[in-house]
Structures are given as C-alpha cells and as structure tokens.
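# A look at the structure
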Amino acid sequence: VLPLENRIAVCAKNSYAAIKGRDALNIKWSKGSLPDMDDAYLDRVYSEHLEKQGAAAKNEGDVKTALAKAATTLEQSYKINYISHAQVEPINCTAFVEKDQCRIWAPTQGATTFQMVAAKLTGLPVEKVEVNILPAGGGFGLRGDPAHVTDAVLLSKALKRPVKVIYTREDDFANDYFRPASRSRIKAGLDKDGLLVAWSHKVAAPSVMTRLMPQFVKNGVDPDAVSGIRDMPYSIPNQLVNYVMVNLPIPVGFWRSVGFSVNVFTVESFMDELAHAAGKDPVQFRLAHMEKGSRPYNILSLLAEKGGWNRPVPTGRARGVAVNACFESFAAHMAEVSVNKKGNITVHKMVCAIDCGTAVYPDAIRAQAEGGVVMGMSTAFHERVRFENGGVKTVNYDDYPVLTMSEVPEIEVHIAKSNLKAGGVGEPVVPSVAPAVANAIFKATGVRLRELPFQRELLIKG
C-alpha cells in the first residue's frame with residue numbers, strides 16, 4: 001500500500017488481489033472542500049457566475065448601441081451539463097523505471113506528453129524515456145491526460161519493478177476529467193430586414209487550459225471555453241463575448257471537439273431561434289450572414305442540396321440544420337426527426353456534409369463522420385454526470401446510458417471536393433449534431449430544448 005499525493009495505491013500481483021486489498025483497506029477520507037456539492041448546488045453556482053461581468057474575449061463594434069437601435073431583440077439562456085468520456089477500455093498504463101531508462105506501455109493520445117512527464121518524474125533525459133503506444137479502446141481526449149502515467153511511473157520508481165496501473169469502471173467514472181459544464185446567455189438584435197446587427201454572448205464555464213496549457217490563458221480568458229463563439233462562421237457587425245471562469249473542485253479536460261462541442265450547440269440553437277423570430281428559412285437566414293462563396297457558405301449549401309432541404313418532408317417528420325467551423329474544416333448536419341404524442345423522439349436520418357480540404361482518405365472521413373453522429377446524438381439524448389455529497393454520483397453505465405444501436409439513424413455523408421490544405425476530421429463532425437436535432441424537434445413540436453442532454457419531459461408538456 002503506497003500513498004501518493006492525493007490518492008492511495010494498492011499494489012498486488014494481479015488486479016483481483018489488488019481490488020480485494022483495496023476493499024479491505026477501508027480508507028477514511030475527509031469530507032473534502034465542498035461536502036454538500038450536488039447538482040442543485042452546481043446549478044446555483046453557475047447561475048451566480050452568469051451574473052458576473054467576466055473578461056472580454058471579443059469586443060467588436062458597439063453592441064450596446066446596436067441592440068438599442070435594433071428593430072427586434074431576442075434573449076435566451078442555455079445549459080450544458082458535465083459529461084464523461086465513457087470510453088469502453090478503462091484507463092491504464094504500464095511503466096518500468098530502471099536506473100538508466102524508463103519504459104512506458106500505454107494506449108495514449110499524448111506520447112510526447114507522457115515522455116516529458118516521465119522524464120521530469122524520474123530525472124532522466126527525455127531520450128531515455130521510451131513510450132510504446134498501444135491500441136486504445138476509446139480515448140476522445142482523456143488518453144492525452146498524464147495523470148495515470150504519473151501514477152505508473154511513481155509506483156514503478158518506488159517498487160523498483162514494472163507496475164501496471166488500471167482503473168476499475170467505477171474509478172474511471174469517478175476520476176474522469178469531465179467535459180466542462182457551462183451556462184450561456186445570448187442577446188441579439190435584428191434590423192427591420194431581419195438581419196443580425198448585434199450579438200452579445202456571455203458564457204460561464206470552467207477552464208481546461210488553466211490546468212493543461214496555462215500559457216494560453218490570457219487576461220482571464222480561456223480560448224477553449226469561448227471556441228465556437230468568438231470565431232463563429234457568421235459575419236455580424238457588432239459582437240461582444242464575455243467569459244466568466246468557474247472554479248470548482250471538479251476536474252475538467254478535453255473532450256472530442258473540445259469547446260466547440262459545447263458552444264456550437266448554443267450558437268446554432270440561437271441562430272435557429274433568430275431565424276424563426278425573423279420569419280426566415282433557417283438555411284437562408286444562416287447563408288445571409290456568411291460571405292457568399294466562403295467555405296462555410298458552400299458547405300451549408302452542399303448540405304441543403306444533398307439533404308433535400310427544399311424537398312417535401314415525409315409526413316409526420318421535420319428537419320433541422322446546424323453548421324460549424326473548427327480545426328481548419330467546416331461541417332454541417334441536417335436531422336430528420338419525428339416526435340410522437342408521448343414525447344418520444346426518433347431521429348430517422350442524419351445528413352453530414354464536410355469540407356476538410358484535400359480528402360486524403362475518404363473512407364476514414366466517412367467513418368469519422370458516422371461516429372461523430374453517434375457521439376453527438378448520445379450526448380444530446382442521454383449523457384450526464386451527476387453529483388451528490390461532495391463527489392461524483394455517476395460511477396457506471398447503469399447511471400450513464402449511451403446511444404444504443406436501435407437509436408442510430410440512417411447516416412449520409414457528403415465530402416466536399418477540394419484541393420486545399422487538409423484540415424481536421426474527427427473533431428468537426430460532432431458539434432453541429434445536437435443542435436441540428438434540437439432545431440428539427442422545434443420544427444416538429446414548437447418546443448425549444450435548450451439544455452444538454454435534452455429534457456424530454458418538456459415535449460410532453462408542450
């Protein structure tokens with residue numbers, strides 16, 4: 001039994017013996033810094049932070065004056081809950097620290113990071129640290145985090161033998177670096193022609209960068225926390241983006257599509273609300289705020305064409321769209337849904353269009369796009385980490401359902417022809433999935449779902 005900085009390791013010859021040893025240890029922990037923290041407490045904290053001024057992440061034009069002169073103004077709030085990486089293979093890492101070398105075996109997304117961390121912990125030169133990358137049963141950002149390599153290296157150094165660190169499923173959920181929760185409040189103004197003249201957006205969220213890349217946090221702004229907001233693919237003359245950093249003892253980390261996976265939902269949901277307020281077609285309203293012929297303009301146009309936006313919708317169904325730009329690529333989604341009288345939602349079809357520059361490996365791009373739809377829908381319908389008694393309540397899949405095979409719709413992928421620089425693929429195919437579904441649900445029911453995961457009881461009331 002070896003205590004580390006803020007945890008205790010139980011080492012044994014096999015995992016079964018280690019688990020039995022841990023159960024027998026009967027550790028008594030302190031109550032922690034926030035013993036009463038639960039979901040209700042977190043709601044209050046985020047609501048309070050949304051009332052604070054925050055730091056300006058973008059300030060162009062004169063938003064206050066533009067809003068005052070606008071023919072129509074609209075204001076709305078959105079809520080995103082914490083989610084887990086929930087990858088099938090629990091976190092694990094094997095390390096062997098010897099006098100003149102350190103060897104690591106891990107399914108990792110961050111081989112260089114692991115190498116640098118191990119070098120620092122052992123005092124060895126970087127070139128004396130060997131990282132062997134193994135196949136990963138899912139990562140989505142979590143396997144780039146160095147916490148478990150730290151454990152393996154320190155334990156091997158102490159025991160002078162190879163040590164394999166492996167989390168149980170409960171360990172994995174309780175000690176995840178979660179995708180941050182957030183709260184957003186947006187106010188926008190339209191002129192008499194129904195065009196956007198001002199956009200004011202405040203987001204309250206924890207900072208991932210402060211822990212992992214503090215050098216990029218400047219003037220109180222975490223660039224990841226405002227990604228997809230201050231660089232949205234729309235041209236709006238007056239824009240203000242304020243960020244309020246929320247500091248809580250809940251560890252947060254990168255999750256597939258990073259900040260875009262959170263913020264694109266709020267931006268694209270609100271764009272749809274504005275189109276409705278202006279009495280405009282949602283696709284045409286978006287195109288009107290993009291530079292004609294630009295890559296986002298073209299990818300949304302391709303989606304509308306290939307997805308049959310202007311063709312009749314099958315009886316009982318409705319369509320919704322959303323678009324996003326990230327990692328030097330552009331993607332858009334069109335969802336076709338139906339909602340029955342009990343409020344049950346069925347996504348029948350999802351069309352994805354992506355411009356990732358030169359399509360080096362089209363089959364892999366389609367596979368990423370299909371996986372992106374599954375993950376995006378899973379977070380929209382199911383995924384949420386809950387808290388109680390100062391800690392994590394959600395510790396296994398029985399409390400954390402993910403999308404099932406029967407819920408996966410028909411998926412159609414269209415790759416734009418381009419000879420431009422190859423951009424990202426795995427990240428851009430996720431963020432616009434959830435808002436496309438939410439926008440289709442509004443079209444079908446008249447009910448706006450402004451929280452992830454969706455609060456489907458609203459549909460029954462609606």
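Higher on the page you've got the structure.
What comes next is a walk through the structure. (Residues numbered from 1 in each chain as written. Predicted model: local features only at pLDDT ≥ 70, side-chain atom pairs only at ≥ 80, totals over all residues. Heavy atoms only, no water.)

## Details of empty space enclosed by the protein
In this structure the tally under the stated criterion is five cavities of 30 Å³ or more. Approximately 140 Å³ is the volume found for the largest cavity. As for the largest cavity, its lining consists of 17 residues, and the residues nearest its centre are Pro180, Asp224, Ala225, Gly259 and Val262. Grouping the constituent residues of the lining of the largest cavity by class yields ten nonpolar, four polar and three charged. Empty space within the second largest cavity amounts to approximately 80 Å³. Residue lining of the second largest cavity: Asp39, Leu42, Asp43, Tyr46, Ile80, Asn81, Tyr82, Ala181, Arg183, Arg384, Val385 and Phe387, and that is the complete set. (1 Å grid on protein atoms, 1.4 Å probe; cavity = no way out; pocket = protein on both sides within 12 Å on 5 of 7 lines; lining within 4 Å. Points joined across faces, edges and corners; volume = space filled by probe spheres on them. Nonpolar A, V, L, I, M, F, W, Y, C, P; charged D, E, K, R; others polar.)

## What about the packing of aromatic side chains?
One pass over the full model with this rule turns up ten aromatic pairs. Relative to phenylalanine 265, the ring of tyrosine 78 has its centre 6.4 Å away and its plane inclined at 85 degrees; by these criteria the two rings are edge-to-face. In this pair, tyrosine 78 is assigned in strand 4 (residues 72-80) and phenylalanine 265 in helix 8 (residues 260-278), connecting sequence segments 187 residues apart. An identical accessibility class is assigned to tyrosine 78 and phenylalanine 265; each is buried. (Phe/Tyr/Trp six-rings, centres within 6.5 Å; stacked < 30°, edge-to-face > 60°. Helix = DSSP H or I, 4+ residues; strand = E, 2+ residues; numbered from the N terminus. Buried < 20%, exposed > 50% of the residue type's maximum accessible area, 1.4 Å probe, protein only.)

## Here we look at the sheet that holds strand 7 (residues 129-133)
Strands belonging to one sheet form pairs held by backbone hydrogen bonds; the direction of such a pair is parallel or antiparallel. In space, the four strands of this open sheet follow the order 7-6-5-8, with mixed pairing throughout. The open sheet has two edge strands with one neighbour each: strand 7 and strand 8 (163-166). Between one strand axis and the next, the sheet turns by 15 degrees as a mean value, whatever way the strands run. Contacting strand 5 (92-97), strand 6 (102-106) and strand 8, helix 5 (residues 147-159) crosses the sheet at an angle of about 35 degrees to strand 5. (Pairing = 2+ DSSP bridges. Axes fitted to C-alpha atoms, helices over the stretch in contact; angles between N-to-C directions. Contact = heavy atoms within 4.5 Å.)

## Topic: a nonpolar patch on the surface
A grouping of Val1, Ile8, Leu25 and Trp29 is seen on the molecular surface, where their side chains present a nonpolar patch of about 400 Å² in accessible area. Looking at where isoleucine 8 falls in the secondary structure, it is placed in strand 2 (residues 8-9). Note on isoleucine 8: relative accessible area 35%, which makes it partly exposed. (Patch = residues over 30% accessible without salt bridge, like charges linked within 9 Å, V, L, I, M, F, W, Y side chains within 5 Å. Areas by Shrake-Rupley, 256 points an atom, 1.4 Å probe, with all protein chains shown as cover. Salt bridge = Lys/Arg side-chain N within 4 Å of Asp/Glu carboxyl O.)

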